[in-house]
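Spelled out from the first residue to the last, the chains are:
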Amino acid sequence: MSDLGSDEMEDEQHPYIGEYEGGRNENDERHGFGKATLANQDTYEGMYEKGKRNGQGTYRFRNGARYIGEYAQNQKHGQGTFIYPDGSKYEGNWVKDQRCGFGKYTYVNADTYEGEWQDHLRHGQGTYTYAQTGTKYVGRWVRGKREGHGELIHANHKYVGVFKEDKPLGKGKYVFDIGCEQHGEYIHIEQEKEDKAADDEEASPNVTPKWNAGQVTAIHLQTEEEERAEEESQGEQQSEEQQGEQQGEQQSEQPSEQQQEPTTESKEEKPAEEQQEAQNEERKQNLNKHKRKKKQKKQLRNKPMKIDLYLSNSIHLNIDIITHFGENDKNLYVKWTKRALYKEM
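Thresholds applied
- Residues numbered from 1 in each chain as written.
- Predicted model: local features only at pLDDT ≥ 70, side-chain atom pairs only at ≥ 80, totals over all residues.
- Heavy atoms only, no water.
- UniProt positions renumbered as here; feature names shortened; annotations may be inferred.
- Phe/Tyr/Trp six-rings, centres within 6.5 Å; stacked < 30°, edge-to-face > 60°.
- Helix = DSSP H or I, 4+ residues; strand = E, 2+ residues; numbered from the N terminus.
- Buried < 20%, exposed > 50% of the residue type's maximum accessible area, 1.4 Å probe, protein only.
- Lys NZ or Arg CZ within 6 Å of the ring centre and 35° of its normal.
- Salt bridge = Lys/Arg side-chain N within 4 Å of Asp/Glu carboxyl O.

For the chain, the name recorded in an unreviewed UniProt entry is Radial spoke head 1 homolog, with Mytilus edulis as its organism. Check the Subcellular location (unreviewed entry) section of the UniProt entry for the chain; it says "Cytoplasm, Cytoskeleton, Flagellum axoneme".

S.K.: Would you explain the packing of aromatic side chains in this entry?
M.R.: Here a ring pair, both rings aromatic, is described through the centre-centre distance and the interplanar angle of the planes. Taken as a whole, this structure holds 30 aromatic pairs when the rule is applied. Ring geometry for Tyr44 against Tyr71: centres 5.5 Å apart, planes inclined by 85°, an arrangement best described as edge-to-face. A residue pair is termed long-range when its members are at least 10 positions apart, and Tyr44 in strand E3 (residues 43–49) and Tyr71 in strand E5 (residues 66–72) qualify at 27 residues. Comparing Tyr44 with Tyr71 shows no difference in burial state: the two are buried. Between Tyr128 and Trp141 the ring centres are 6.3 Å apart and the planes differ by 40°, which places this aromatic pair in the tilted class. With a gap of 13 residues between them, Tyr128 in strand E10 (residues 121–129) and Trp141 in strand E11 (residues 136–142) connect regions that are remote in the sequence. Given the relative accessible area of 3%, Trp141 is considered buried. Lying over the aromatic face of Tyr67, Lys76 brings its terminal NZ or CZ to 5.8 Å of the ring centre. A cation sits over an aromatic face here: Arg99 above Tyr90, 5.8 Å from the ring centre.

S.K.: What should I look at first to understand the pattern of salt bridges in this one?
M.R.: It is possible for side chains bearing opposite charge to pair when their charged atoms get close. In total, this model carries nine salt bridges according to the counting rule given. Note that Lys76 is salt-bridged to Asp97, the shortest N-O span being 3.2 Å. Of this pair, Lys76 sits in strand E6 (residues 75–83) while Asp97 sits in the loop between strand E7 (89–95) and strand E8 (98–106), and the two are 21 residues apart along the sequence. Glu151 is the partner of Lys158 in a salt bridge, and the nearest nitrogen-oxygen pair spans 3.5 Å. Residue class for Lys158 comes out partly exposed when judged on its relative accessible area of 26%. A relative accessible area of 23% places Glu151 in the partly exposed class.

Shown next as structure tokens:
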């Protein structure tokens, strides 16, 4: 004897098939604008064509998710926004119910990816922004992983190089905002997992990238002698230009001065004086500008700068940069001390 009650038997005999209110065509198919409640309690409000969702519409799932966008033959197709139950959101292009083309995904932790998609995965050129640190990856993606040339941009420096299987690999460089860069190479070190099962011999190894530091391009700051020489050359160039302008003005004014009366000559002397005052004012501004620049450079000298980088969970790079003058303050050089610490994952 069955344990099912009479009500349940009736539900099996007459299942709920949903409700629909809206337009229909001559074949009694849903056509045009309509509202529907499906058997699983999902709802759709939007356009139909020959019985299928087609055009602009809004689909609400009973788990709280919803899609607002374009449909084609009952599938998400075209531009649309999907809001997931956890609060994450995708805004962009769809092809046959898959994220495909250009779009932006905002994750539940506020990270964002904006770029190209294929088959629901990050694929092509795109930018991933980490909300907590502000770090950005700008580059190529293949099947959801960083692959090919890319840049990992931090607050005061960036890494430029090649990525493989979502990790940096091969030659690259770190470029610092203070005007220097360090060249080197990433190599992959395989580490065995401690909890690896005995029968799991074909499992993929745990790979950790290691940075081998190489050449460093130093900062170049002008010495006081170089600054004075530059200021003198600029002053000479400006005086030559002004003399050339004055000679040209005098040559152009000679024919008219001979024909004009003395009273008009005295009137033309006044604009010439004003022009001379303007030129003097311009020279004064340029001199003040050079002085400010010179003061800023002096503040940079003899000032140690420290860069403390946490490149990933496994790499900590510490660089001290000290700029100062050598003997008799003639030769400017940069002293670098670097230390790389590698910690276990």
